[in-house]
Every structure is written in structure tokens, then in C-alpha cells.
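Results of the structural survey
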Amino acid sequence: LPMIVMMAGEQGKYWICSCFFTRNIFLQQQRLHVVFYDESQFFMDYKTVLQEKGCDTERKLQQVLMEVQAEVARRKKRGHEHLKRCQLVRENYQRLHPSLYTISDSIFEPEFLAVVQYCKSPGASADGLLDLVTEEEAPNVFSFPMLTSSFCQRLMEELEHFERTDIPKGRPNTMNNSGILLAELGFDEGFMNQLRTDYLMPLSRLLYPDWVGKGLDSHRAFVVKYSIGEDLDLSYHFDNAEVTLNVCLGRRFEGGALYFGSMRKDSQPTRLEDHKVYEHIVGRGILHRAQHMHGALPITSGERYNLIVWMRSSLVRNRLCPMCDQSPDLVANTGYGDGFTTEDREQDVVQACGVV
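Structural notes, computed from the coordinates. (Residues numbered from 1 in each chain as written. Predicted model: local features only at pLDDT ≥ 70, side-chain atom pairs only at ≥ 80, totals over all residues. Heavy atoms only, no water.)

Digging into the nonpolar core
Of all hydrophobic cores here, the largest spans 51 residues; its most connected members are Met146, Leu147 and Leu195. If one sorts the elements of this core by residue count, helix H7 (residues 188–207) sits on top with 9 residues. (Core = buried A, V, L, I, M, F, W, Y, C linked by side-chain atoms within 4.5 Å. Buried < 20%, exposed > 50% of the residue type's maximum accessible area, 1.4 Å probe, protein only. Helix = DSSP H or I, 4+ residues; strand = E, 2+ residues; numbered from the N terminus.)

Here we look at the packing of aromatic side chains
Enumeration according to the criterion identifies 16 aromatic pairs in this entry. Seen in terms of ring centroids, Phe42 and Tyr46 are 5.4 Å apart; in terms of plane orientation they differ by 45°. Their pairing is tilted. On the criterion of helical spacing, the pair formed by Phe42 and Tyr46 is a turn pair, its members being 4 residues apart in helix H1 (residues 39–52). For Tyr46, a relative accessible area of 14% puts it in the buried group. Ring centres of Phe151 and Phe191 lie 5.8 Å apart, and the angle between their planes is 5°; on these two criteria the pair is classed as stacked. Of the two residues, Phe151 sits in helix H5 (residues 149–163) while Phe191 sits in helix H7, which places them 40 residues apart along the sequence. (Phe/Tyr/Trp six-rings, centres within 6.5 Å; stacked < 30°, edge-to-face > 60°.)

What to know about the state of the cysteines
Following the criterion strictly, the structure yields 0 disulfides and no others. In this structure Cys19 is not part of a disulfide, and its nearest cysteine sulfur, from Cys17, lies 3.7 Å away. With no disulfide partner, Cys152 has as its closest neighbouring cysteine sulfur the one in Cys248, 7.6 Å distant. (Disulfide = S-S within 2.5 Å.)

Focus on helix H3 (residues 110–120)
What H3 keeps buried is the set Phe112, Val115, Val116 and Cys119. Take H3 and look down its axis: the buried residues cluster within an arc of 95°, on one side only. For H3, exposure combined with an orientation more than 90 degrees from the buried face picks out Pro110 and Gln117. Against the buried residues of H3 lie helix H4 (126–130), strand S5 (141–145) and H7. (Arc of directions from axis to C-beta. Contact = heavy atoms within 4.5 Å.)

Examining the pattern of salt bridges
As enumerated under the stated definition, the model contains 14 salt bridges in all. Two residues, Glu137 and Lys276, come together in a salt bridge whose shortest N-O distance is 3.6 Å. Of this pair, Glu137 sits in the loop between strand S4 (134–135) and S5 while Lys276 sits in strand S12 (residues 276–278), placing them 139 residues apart in sequence. Judged by relative accessible area, which is 31%, Lys276 ranks as partly exposed. Measuring nitrogen to oxygen at the nearest pair gives 3.0 Å for the salt bridge that ties Glu242 to Arg317. Placement of the pair is Glu242 in the loop between strand S8 (234–237) and strand S9 (243–250) and Arg317 in helix H9 (residues 314–317), with a sequence separation of 75 residues. By sharing partners, the salt bridges in this structure join Glu160, Lys225, Arg251 and Glu303 into a single network. (Salt bridge = Lys/Arg side-chain N within 4 Å of Asp/Glu carboxyl O.)

In C-alpha cells:
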């Protein structure tokens with residue numbers, strides 16, 4: 001596999017696993033995740049299921065093959081294209097709300113600041129924290145008031161302002177067609193790094209100690225949008241992270257609830273009524289293990305923006321890649337890559353354009 005150029009000063013710091021080029025490729029129309037090594041393997045593994053999902057002619061099967069091959073090619077160029085987009089944004093984008101890009105306590109609800117203060121206090125415990133957050137019906141899923149409505153509104157305005165430009169935009173993943181990678185807008189250095197280390201990591205240490213390791217030392221942050229005529233829902237999946245934050249930013253909407261099943265390696269329910277549902281509230285954050293299977297029901301009216309932060313611990317994932325369940329086969333990448341390192345290290349903040 002080709003090595004991807006690192007950002008200046010970041011050679012060898014964060015990496016991806018080579019399984020990124022072969023696994024968890026999502027076919028939108030068929031709502032199917034596939035593995036692709038070559039054409040022979042692909043059709044041996046998936047021809048029958050693809051035919052059952054409507055690909056009942058050779059032409060349709062070849063169209064799916066071309067879609068998969070195009071996605072593999074995109075992934076191999078992802079690091080290079082990310083750097084190009086970052087540069088174009090730095091050179092051409094005029095920020096609508098410049099103050100958004102520097103984090104401050106003023107954007108948070110007082111209840112959330114109290115939670116963070118408790119988590120940083122001597123003697124803080126998981127039991128004590130549970131008195132300050134809401135335990136949702138799904139196990140080990142917690143919610144809390146987090147962002148002010150004013151901040152949510154300004155962030156959506158900033159994203160819409162950026163969308164109106166002709167600057168190329170990187171999308172969050174193959175499952176979301178509508179959304180923006182916040183690193184490419186320049187949010188990492190003055191906002192997301194601090195959000196992860198100063199606010200979210202103290203909570204995560206208490207709630208998920210086995211999955212934080214020495215610290216959550218990298219992340220991937222993006223905003224997704226659901227609306228009629230665009231992305232309506234999100235298929236059942238797990239995240240490439242250790243801990244996930246999901247915050248509803250607004251606006252007016254109906255439907256689109258988040259639903260949770262079991263952990264990825266456990267037996268998974270097949271009926272929707274077996275899942276535990278969480279209804280989004282503007283400004284309220286929800287924290288969960290990233291390997292907790294989940295999805296989003298269809299939105300029925302309006303539009304909704306969600307801030308998603310995948311937080312990663314190199315100490316945890318260096319032992320086992322969560323996407324292929326193997327010892328990671330490292331490939332160099334830009335910024336935070338997928339959070340792997342060549343050694344176990346203390347939490348460190350990277351001053352770079354961000355994750356890819």
C-alpha cells in the first residue's frame with residue numbers, strides 16, 4: 001500500500017491500520033458493509049446477498065463492483081486530498097463567527113461545567129458522577145445538558161456559510177453524504193483538542209476507565225446533517241473510536257431518534273423493538289462506548305445537525321484494531337490518522353490541521 005505524506009513535524013506520530021483500505025466499505029443503496037480484497041473474493045463473498053438485494057443482473061453487479069473500487073481508491077488518496085482541502089480553507093475561507101474557533105466556558109451549560117469540575121476534583125468517582133448525569137435506558141449510555149442554544153445556532157450558521165462556498169469539502173464517512181469535517185475548517189487547534197482533553201476526558205476516565213488507557217489522545221470530529229431530500233437516517237453500525245460524543249445542535253425536526261443495540265462483539269438484536277431509543281434534545285450531549293452498535297431512525301420533517309466526536313486512545317487501539325480485531329498493520333497518514341501510534345505514550349495534543 002502507498003505511504004501517505006505526513007504533515008510537517010508529524011512523521012510517525014499517528015497512523016492508520018491497513019484494514020482501512022479493505023474493510024467496512026458501506027454500500028448505500030444495499031445498506032451493506034463489505035470487505036474487498038479483489039474481484040474474485042468480493043463476488044464469492046457477496047454475490048448471493050447482492051442478488052437478494054436487487055442486483056439481479058451482471059450489469060448491476062458490475063456497477064456495485066465499480067462503486068467499491070472507487071471507494072478504495074478514494075481511501076488511498078484521502079490523506080493527500082485532506083491536506084489540499086485544509087490549505088484551500090486556510091487561503092480562501094472567510095470565517096463568519098471567528099470567536100467560535102476558540103473554546104471557552106461560556107459555550108457550555110452550567111450543569112455541564114459542574115460535571116467537569118466534579119470529575120477533576122480529588123476523590124471523584126463513577127458513583128458520584130452518576131448522580132450528575134442521566135443514565136439512559138441503553139446500558140453505559142449517559143446524557144447531560146452541554147452546549148448553549150446560542151452556541152449551537154452560531155455553529156450551524158458557520159457550517160451553512162462554509163457550505164455556500166465553492167471550496168471542496170471532505171465528508172465525514174461513506175454513511176453520511178451531508179456533513180463537514182471540522183478539522184478541515186480549522187477547529188482542532190483552538191477548540192477540539194481542548195474539548196477532548198479538558199472537558200470530555202475527565203468524564204470518560206470515570207465512565208469508561210478500561211477504554212481510556214493513559215488518555216484519549218486523538219479524535220475525529222465532524223457535523224452531520226439530516227433533512228428531507230438528503231440523509232434521512234443512519235444504518236446500524238459502530239464507530240472507529242473508543243468513546244463517542246453526540247450532541248444535537250438543532251434545528252426544528254421530528255423523528256430521527258438514536259437507537260442502541262448491543263456491543264459489537266455480543267449477540268445483536270434483529271428487531272427494532274429490541275433496541276433502546278434516545279430522543280435528541282438540542283444542546284444535550286450523549287456519551288457512549290464507540291463499539292456500542294447504534295443507528296438513527298429516519299427524520300420525518302425539518303432538519304437536524306449533530307456534532308459527533310470520535311475519541312481515541314492509542315494505548316487501547318495499539319493492542320487491537322477495533323475495525324479488524326487484529327494487531328494493527330500501520331500505514332503512515334496525516335494529522336491524527338486513525339489514532340494509532342508506534343509506541344504507547346502519554347496523552348499529547350497535536351497542533352495540526354487534524355484527523356483525516
